[in-house]
Each structure stands twice: as structure tokens, then as C-alpha cells.
Amino acid sequence: MNDRQRLTRDLLVLFGLTGWALTLPYFGSEFMVSMALTCLMYVALSSSWGLFCGSTRYLSLATSAFFGIGAYTSALSLESCSWLQSIAMGAGLATVIAVVMGAAVLHLRGTYFAVLTFGMTELIRHAVTYFEKQVTGTVGRVLTVVPERDTIYLTVLGLAVLTVALSILVRRTRFGLALMGIGADEQRAQTLGVNTRLVKIAGFAMTAAVAGAVGAAMSVRWTYIDPHTVFNPFIGFQTVLIALIGGAVTLWGPLIAAVVFSLLAETLRLKAPQVYMMSLGLLLILSVLYLPGGLASLRWETLRGWWRETKEWGRLRRYEWSGDKARDKQRARERRRV
């Protein structure tokens, strides 16, 4: 299958999934629509995260910062601006902050970059909290202007579709190849003429724009928001887990993992939150050990390989526990004596 055929296949799959999701508000219950909103939110967040971080191998923990910036921008501007203008403002402000943050920290890699992005996220959260306490005299915002449910759903669906479409297209451009080159060998990419600093800042800003827009759209899901809610580090951590378990480098991995995690979240989070967190950790461990390419790399050959390894492991354990292994060792020692 050549690149053109793969592009056609990906666009057709995206078109089919979009058509199915468009019909959900008309036949689904409130619970199904709410779960679908959560799923679409993480599809957009993890797909945009994987587009930059999966390609460049930079571990960013700043998703919750951009999400919170978009949410607060929407909450402050909805009374005076239209719905789409508020979302655009949230995405724009998150992009500006990402450019400033990226210029300061994108020369680092590995744990240093991850820790600094998380530290800046906490700095932004505490700065917003301090501003509200000192200037407005209160913490949090009550949203009095809230669009209808279907408007929110269609907006988040549109953002998720645009993010996946952007991922499909960017991976086939010189910019996408530059991101992949930085992840493979940044120094070699510089040698080949890639302006790695600008490419990294642009990719980081693109991720922030999506997170800011999604935060602006999802803020109206709650009638009251505060820094602890919209700057919650768990949003960023879960985005990273979804992308890694689904396959950060792949196109459809984050989407597959977002569906799995949304079902787990709605099933376990309220009834057994500890079990939910344990499930996240267990999935991450199993993915790293046995499926490093993520869920998207799962194939029948992989399952058959696991089955063969399991059968071989069981055969060796039976051989050991039955005592045959010890008896064979004893016979071998006796032969050597003779």
C-alpha cells in the first residue's frame, strides 16, 4: 500500500467515524453523550500531544496548563464574545504562552524538559489562584452564559476531527518529517539544514492551540470552574498515558486508547477510584513491557506470538514443578561420576 492509498484509507476511516459520532446526540442518552464528550476531549488532547511529543520524543507535561488557560479565557469572554470567538481566544492565548514557554525550555530534553513543563504548569495554576484572591477577592468563576448541549458536543467533535485530520496531513509534510528527524537524531537534523528550534516551538505551539481550544469548549460543561479543576495535573498525566498506551507515534493509537480509557473512567472512577488508578498503572506497565508500540501496533501475529510464548512458559513450568527437571539433573550428575 503506497502513501496515497494510506492517506485515502485514513481519511475514509475518519469520515466514517465522524458520521457515526454526529448521530450520537440524536439517539444516545445523556450518559452516552457525556461519555462521548470525555472521549472526544482526550482524542483531541492525546492526538495533538502525540503529533509533537511522539514525533520528537519530548515528554511534555504542560497539557493541563494550556487546557486551563483556554477554559479561563472562555469563562471570562463568553459574556461579551460569541462562542467561536471565545474558543479562538482560548486557543490563541495558549499558543502565545506556549511560544514563550517553548523558547525558554525546548533546548532541554528528557527528564529536565518534563520536570520544567510540569513546574511551569504549577506556576501558572498558582499565579491564576493568587490573581483571583488578590484582585477579584474570590477563587473560581460561575458560568452564566452556557451554550446548549448539542452545540458543545458538535464543537468538541469538530476539534477532535480537526486534530486527527491535522495529524494525518502534518505527518506527510516536510514539517512532519522535520519533527520525526528531531526525534530520531536532533543533531543530524540540524546538520541537514532543519531549524530545529523553530520547528520545536511551532510543534509545541500547535499542541497548545488544540489544548486551549478544547479547554475553552469543555469549560462550559461545568457551571463553576476554579484553578484546581481546570489546571488539574491529572488531565495532563492522563493525556500522556493515553498517548503512550495507544501508541504516541501512531495515528490511530491515541483514538483507540481514548475510547478504552473513557469506558474505564466512567465505569470505575466513581465506584472504585483506586481500582481505576491501578488499572491505568497496570495498562502502562503491560504496554511498556509487551507492546512498546502501543495498542495501535497490536496485530494477529502479536497475539499468536504471545500465545506461543505462554504455551512455552507453561511447558517449562510443568517440567520444573513435576520434578522431571530435578530428576534429569540428578541423572546427568550420576553419568558424569561414572
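Counting starts from 1 at the beginning of each chain's written sequence and moves along it residue by residue. The model is predicted, so local features are restricted to residues of pLDDT at least 70 and side-chain atom pairs to those at 80 or more, both for listing and for counting; the totals for chains, interfaces and linings are taken over all residues. To obtain the side-chain values, all non-hydrogen atoms of the structure were included, while hydrogens and water were left out.

### Looking at the overall build of the chain
Starting at the N terminus, helices and strands are each numbered in turn, a helix being any DSSP run of H or I of at least four residues and a strand any DSSP run of E of at least two. Helix and strand counts for the chain come out as 15 helices and two strands. Across its three principal axes, the chain shows a C-alpha extent of roughly 95 × 55 × 45 Å. Taken across its 338 residues, the chain has 45% of its residues classed as buried. For the chain, long-range pairs separated by at least 24 residues make up 79% of all intrachain contacts whose partners lie at least 6 apart in sequence. Computed with a 1.4 Å probe, the accessible areas rest on the Shrake-Rupley method; for each residue, only the protein chains presented here act as cover. Accessible surface computed for the chain: about 18200 Å², of which carbon and sulfur atoms make up 66%. When charges are counted, neither His nor the chain ends are considered; positive counts come from Lys and Arg and negative counts from Asp and Glu. In this description, the location of a charge corresponds to atom NZ of lysine, CZ of arginine, CG of aspartate or CD of glutamate. Where the 33 positive side-chain charges of the chain centre and where its 19 negative ones centre are 10 Å apart. Relative accessibility thresholds used throughout: buried, under 20% of the residue-type maximum; exposed, over 50%; partly exposed, between the two (1.4 Å probe, protein chains only). Residues count as neighbours in contact if any of their non-hydrogen atoms are within 4.5 Å of one another.

### Quick notes on a nonpolar patch on the surface
Put simply, a patch holds well-exposed residues, over 30% relative accessible area, that have no salt bridge, with like charges counted together within 9 Å and Val, Leu, Ile, Met, Phe, Trp or Tyr side chains within 5 Å. Salt bridges are defined by distance alone: a side-chain nitrogen of Lys or Arg within 4 Å of a carboxyl oxygen of Asp or Glu. On the surface, a cluster of nonpolar side chains totalling about 520 Å² of accessible area is made up of Leu 282, Ile 285, Leu 286, Leu 289 and Tyr 290. For Tyr 290, the position within the fold is in helix H13 (residues 273-290).

### Observations regarding the pattern of salt bridges
For the structure shown, the criterion picks out eight salt bridges. Asp 10 is paired through a salt bridge with Arg 9; the nearest N and O atoms lie 3.2 Å apart. Residue Glu 30 pairs with Arg 149 through a salt bridge whose shortest N-O separation is 3.0 Å. You can see Glu 30 sitting in helix H2 (residues 30-56) and its partner Arg 149 sitting in helix H6 (residues 149-170), a full 119 residues away along the chain. Taken together, the shared-partner salt bridges in this structure form one network comprising Arg 9, Asp 10 and Arg 172.

### Here's the deal with the nonpolar core
Definition used in this section: a nonpolar core is a set of buried Ala, Val, Leu, Ile, Met, Phe, Trp, Tyr and Cys residues joined via side-chain atoms within 4.5 Å. Residues Leu 45, Phe 66, Tyr 153, Phe 204, Val 214 and Phe 261 are the most contacted members of the largest nonpolar core, which totals 84 residues. Ranked by residue count, the leading element in this core is H2, at 13 residues. Beyond its immediate chain neighbours, meaning those up to four positions away, Val 214 contacts Met 41, Ala 44, Leu 45, Phe 67 and Leu 159.

### Quick look at unusual backbone geometry
For residues that are not glycine, phi is negative in most cases, and the peptide bond is trans in most cases. Not every positive phi belongs to a glycine, and Arg 57 is a case in point at roughly 65 degrees. Counting through the fold element by element, Arg 57 comes out in the loop between H2 and helix H3 (63-77). Judged by relative accessible area, which is 58%, Arg 57 ranks as exposed.

### Some points on the side chain of Thr 18
Along the chain, Thr 18 turns up in helix H1 (residues 3-27). Among all residues touching Thr 18, those that are not within four sequence positions of it are Leu 157 and Val 161.

### Observations concerning the environment of Val 43
The residue Val 43 is located in helix H2 in this model. The exposure class assigned to Val 43 is buried, which follows from its relative accessible area of 5%. Residues Val 43 and Leu 93, spaced 50 residues apart in sequence, show a C-alpha to C-alpha distance of 21 Å.

### Examining the packing of helix H7 (residues 174-184) against helix H9 (residues 196-218)
Axis definition: a line fitted to C-alpha atoms, over the contacting stretch in the case of helices. Angles run 0 to 180 degrees between N-to-C directions. Where H7 meets H9, the axes come as close as 10 Å, and the angle between the chain directions of the two elements is 105 degrees. It follows from the interaxial angle that H7 and H9 lie roughly perpendicular. From H7, Phe 175, Ala 178, Leu 179 and Ile 182 reach across to H9, where they touch Thr 196, Val 199, Lys 200, Ala 202, Gly 203 and Met 206. Gly counts as polar in this scheme, as do all residues outside two lists: the nonpolar Ala, Val, Leu, Ile, Met, Phe, Trp, Tyr, Cys and Pro, and the charged Asp, Glu, Lys and Arg. Of the residues contributing to the contact of H7 with H9, the split by class is seven nonpolar, two polar and one charged. An angle below 35 degrees is read as roughly parallel, one above 145 as roughly antiparallel, one from 65 to 115 as roughly perpendicular, and any other as oblique.

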